[in-house]
Amino acid sequence: MAAVSTSDPLWYKDAVFYELHVRSFQDSNADGIGDFPGLTSRLDYLQALGVDCLWLMPFYPSPLKDDGYDIADYKAINPDYGTLDDFRHFLAEAHARGIRVIADLVVNHTSDQHFWFQEARKGPDNPYYHYYVWSDTPEKYKEARIIFTDTETSNWTFEPAVGKFYWHRFFSSQPDLNYDNPKVRQEMLDVVRFWLELGLDGFRVDAVPYLFEREGTNCENLPETHAFLAELRRFVDQNFPGRLLLAEANQWPKDVVAYFGTAEQPEFHMCFNFPVMPRIFMALAREEAKPIEEIMRSIPEIRPDCQWAIFLRNHDELTLEMVTDEERSFMYAVYAKDPRMKVNVGIRRRLAPLVDGGRRQLELLHSILLTLPGSPILYYGDEIGMGDNIYLDDRHGVRTPMQWSIDRNAGFSQADTAKLYSPVIVDPPYAYQGVNVEAQERSAYSLLQWVRQVIRVRKQYPVFGRGSLAFLTPNNPKILAYLRSYEGMQVLVVHNLSRYAQPVALNLSPWKGFTPVEMIGQVAFPPIGEQPYLLTLGPHAFFWFRLDQSS
């Protein structure tokens, strides 16, 4: 086993991340719910996949009205998932395999079942009342948008026990914390200390733009929010150097980059690149490189100690907040033909169903994920092409049990099928009898084996995690081509976004005399000369070329 190395404080720049829900991954005690002992038993699989860091969805006690993002106790483990000792053992075993672990930290709100809110309901004389945001009227902060448009009609909900309205940016069962109260800020730092002292490697910090409220604003990206996040970063750097803070800030590029902070007042080490994600799917559907090129060119430069988190799918909907109305209509028409596939302002589908299980499209999408600037995040099950269940409520359709084998309940649990927290996928073409880890491990040409291979190749070259990006301007708009450069290493990446074979002529004259070497098969192509470099790419094909100087 290779233990976690602490020698490089920028470890996250080269890491491959993998998101999973403890309750969805492996059940060890036949109660129908995944748990930490079960997850621990699957660490060898994750190590073989090439994962460097796990991102765990919330595992805290919760009424589960929002799948754990409604936290009832920040300093405990949901008993369905095991004990604190189970967590410690899991963490030690992950670290022994060289795998780091970060966890979701929901800083914006709690569950209405949290002790703090239960106390707050006793009225203004209770100190916990001031942990939340109250008003006599629902007319305050009218400029703030409603995020969960499918279920909420207001950001305020009346609490009869208090006779006032409380503020919530998400579900009404998730009252927002009052960050103007210094006790709340200290409580959250205490939570961070608790888990990092246990050995956790960091946090994916949920819903960070919404921490403060100010009249006359949209209550997002406020200076007060950035000031607290800088305080959080100082606390982590001073007490737990080498740990990671990853921001969930679903904002436009100019607003997202602010969450990296400044060199003098840093905030997050990493931020999700939300704007590029829907445009990857838009480019695939339109068969043109323009959507990806345009958004990537609009993203400001970031400091060398910062990193983007790039992803295709995750536990939420494919969000369409960062696109125009026309683009949103197009995406719905292509990727959400059934109204049940929509939720809020997005599409609740897994990766494989979005492309009808097309193997070439899945490989192309993974190639873009692994070669654009940033650290890639895989979502559990996407490496085997798992499907979804659009007949489950909310986002639960993309959070079904991991499909391990053709055994009962897809090898996820020995419980009676009726006891499972969620039904497994049983309908073709994504039924677990055909789509599972065991079957794909037996085939050298399965999607799982291919994903393992390209991850291995990527990890050999720091240029993908740390290099600069320069787009080429091919004579064919269906071709996405760019150069990644880092410390003398240059890699040319070429993607065909069309479902048909395409020719392309690339101006590579600045690299005259260099030899493109295809990186997956280590095949040398003809040397580059003065004339345009001609390539032919099959449907949804791609190349990763290392540009080697001729000897």
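Going by the structure above, here's the rest.
Keep in mind the model is a prediction, meaning the values are calculated, not measured. (Residues numbered from 1 in each chain as written. Predicted model: local features only at pLDDT ≥ 70, side-chain atom pairs only at ≥ 80, totals over all residues. Heavy atoms only, no water.)

### Quick look at the nonpolar core
- Within the largest apolar cluster, 162 residues are counted, with the highest numbers of intra-cluster contacts made by Y18 and L46.
- Apart from residues no more than four positions distant in its own chain, L46 is found in contact with Y18, L20, F25, L39, V51, L54 and I99.
- The next biggest cluster of nonpolar side chains, apart from the first, holds 18 residues, and it includes I479, A481, L483 and W511. (Core = buried A, V, L, I, M, F, W, Y, C linked by side-chain atoms within 4.5 Å. Buried < 20%, exposed > 50% of the residue type's maximum accessible area, 1.4 Å probe, protein only. Contact = heavy atoms within 4.5 Å.)

### Concerning the pattern of salt bridges
- Evaluation of the coordinates by the stated rule reveals 43 salt bridges.
- A salt bridge links R214 to E224; the nearest nitrogen and oxygen atoms lie 3.3 Å apart. One end of the pair, R214, is in the loop between β7 (202-206) and α7 (223-239); the other, E224, is in helix α7, and 10 residues separate them in sequence.
- With relative accessibility at 26%, the residue R214 sits in the partly exposed group.
- A cluster of three or more residues bridged by salt bridges with shared partners is formed by R23, D66, D67, D316, E317, D394, R395 and R399. (Salt bridge = Lys/Arg side-chain N within 4 Å of Asp/Glu carboxyl O. Helix = DSSP H or I, 4+ residues; strand = E, 2+ residues; numbered from the N terminus.)

### Things to note about the environment of Y379
- You can see Y379 is positioned in strand β14 (residues 375-379).
- For the pair Y379 and R313, spaced 66 residues apart in the sequence, the C-alpha separation amounts to 6.3 Å.
- Sequence-distant contacts of Y379, that is, excluding residues within four places in its chain, are made with E19, R313, N314, H315, R350, V398 and R399.
- Polar contacts involving the side chain of Y379 include one to the main-chain carbonyl oxygen of V398, which spans 2.8 Å. (Polar contact = N/O pair within 3.5 Å; in protein donor to acceptor, adjacent residues only side chain to side chain.)

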